[in-house]
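# Remarks on the overall topology
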Amino acid sequence: MEPEQQLRNLRDFLLVYNRMTEICFNRCASNLNYRSLTMEEEHCLENCAGKLIRSNHRLMNSYVSLMPAIVQRRVADFESKAVEMTQTSNPEISSSIAVGTASETTDKSEEVITATEQITSLKDSRNQDTSPATSH
């Protein structure tokens, strides 16, 4: 994976993670007088994060299942436009350009899936790090 793509993946992951943190904090943190969370706040945060992650997974699954059809349609549209514009030029040019467009779209869907997997693993590690002895 290229460094630029890794940087984009990290940026996308951080945007999603920060947004999820903001939503759950605003929804669940009710008392800022103590350093530790109450059991009610902890339960609310777990439910909130879980709900957002599950909905993100469902969205990504739908996106991934629809993506091949969208890519094929875009390639067909692009090829037809390229053929119209270059009726007298070499037909290999339009097909190589269309393949590049399909590849870029597939790369973006892989980035979104990677960000979703990173959020899930982060939540799992958070659940493993918390123990009943530390929550009051």
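To start, this report covers the structure provided alongside it. (Residues numbered from 1 in each chain as written. Predicted model: local features only at pLDDT ≥ 70, side-chain atom pairs only at ≥ 80, totals over all residues. Heavy atoms only, no water.)

## Structural notes on the state of the cysteines
Throughout the structure, instances matching the rule amount to two disulfides. Each sulfur in the disulfide pair Cys 24 and Cys 48 lies 2.1 Å from the other. Note on the Cys 24 and Cys 48 pair: the S-S dihedral is about -90°, so by sign convention the disulfide is left-handed. Pair noted here: Cys 24 is in helix 1 (residues 3-28) and Cys 48 is in helix 2 (residues 39-85), with a separation of 24 residues, a long-range link. Overall, Cys 24 belongs to the buried group, its relative accessible area being 4%. Paired through a disulfide, Cys 28 and Cys 44 show a sulfur-sulfur distance of 2.0 Å. The sign of the -65° torsion about the S-S bond sets the Cys 28-Cys 44 disulfide as left-handed. Highlighted residues: Cys 28 in helix 1 and Cys 44 in helix 2, separated in sequence by 16 residues. Residue class for Cys 28 comes out buried when judged on its relative accessible area of 5%. Ordering the disulfide-forming cysteines of the chain by sequence position, one finds them joined as 1-4, 2-3. (Disulfide = S-S within 2.5 Å. Helix = DSSP H or I, 4+ residues; strand = E, 2+ residues; numbered from the N terminus. Buried < 20%, exposed > 50% of the residue type's maximum accessible area, 1.4 Å probe, protein only.)

## Remarks on helix 2
With 47 residues, helix 2 ought to run about 69 Å at 1.5 Å a step, and its terminal C-alpha atoms sit 65 Å apart, in line with that. At Met 67, helix 2 is bent by approximately 40°, the largest bend along its length, and proline Pro 68 sits one to four residues beyond. (Expected span 1.5 Å × (residues − 1). Bend = angle between axes of the 7 residues up to and from the residue.)

## Re the nonpolar core
As a rule of thumb, soluble globular proteins bury nonpolar side chains together. Formed by Met 20, Cys 24, Cys 28, Leu 45, Cys 48, Ala 49 and Ile 53, the largest nonpolar core amounts to seven residues. Going through the elements one at a time, helix 1 and helix 2 are the ones with two or more residues in this core. (Core = buried A, V, L, I, M, F, W, Y, C linked by side-chain atoms within 4.5 Å.)

## So, the pattern of salt bridges
Tallied over the entire structure, the rule returns two salt bridges. Of the charged contacts in the structure, one is a salt bridge between Asp 12 and Arg 11, with a shortest N-O distance of 3.7 Å. Note on Asp 12: relative accessible area 15%, which makes it buried. One salt bridge in this structure joins Glu 22 and Arg 19, with 3.7 Å as the shortest N-O distance. Pair noted here: Glu 22 and Arg 19 are both in helix 1, with a separation of three residues, about one helical turn. The exposure class assigned to Arg 19 is partly exposed, which follows from its relative accessible area of 47%. (Salt bridge = Lys/Arg side-chain N within 4 Å of Asp/Glu carboxyl O.)

## Here's the deal with the environment of Thr 21
Its location among the elements puts Thr 21 in helix 1. Note: C-alpha distance between Thr 21 and Leu 45 (24 residues apart in sequence) is 9.0 Å.

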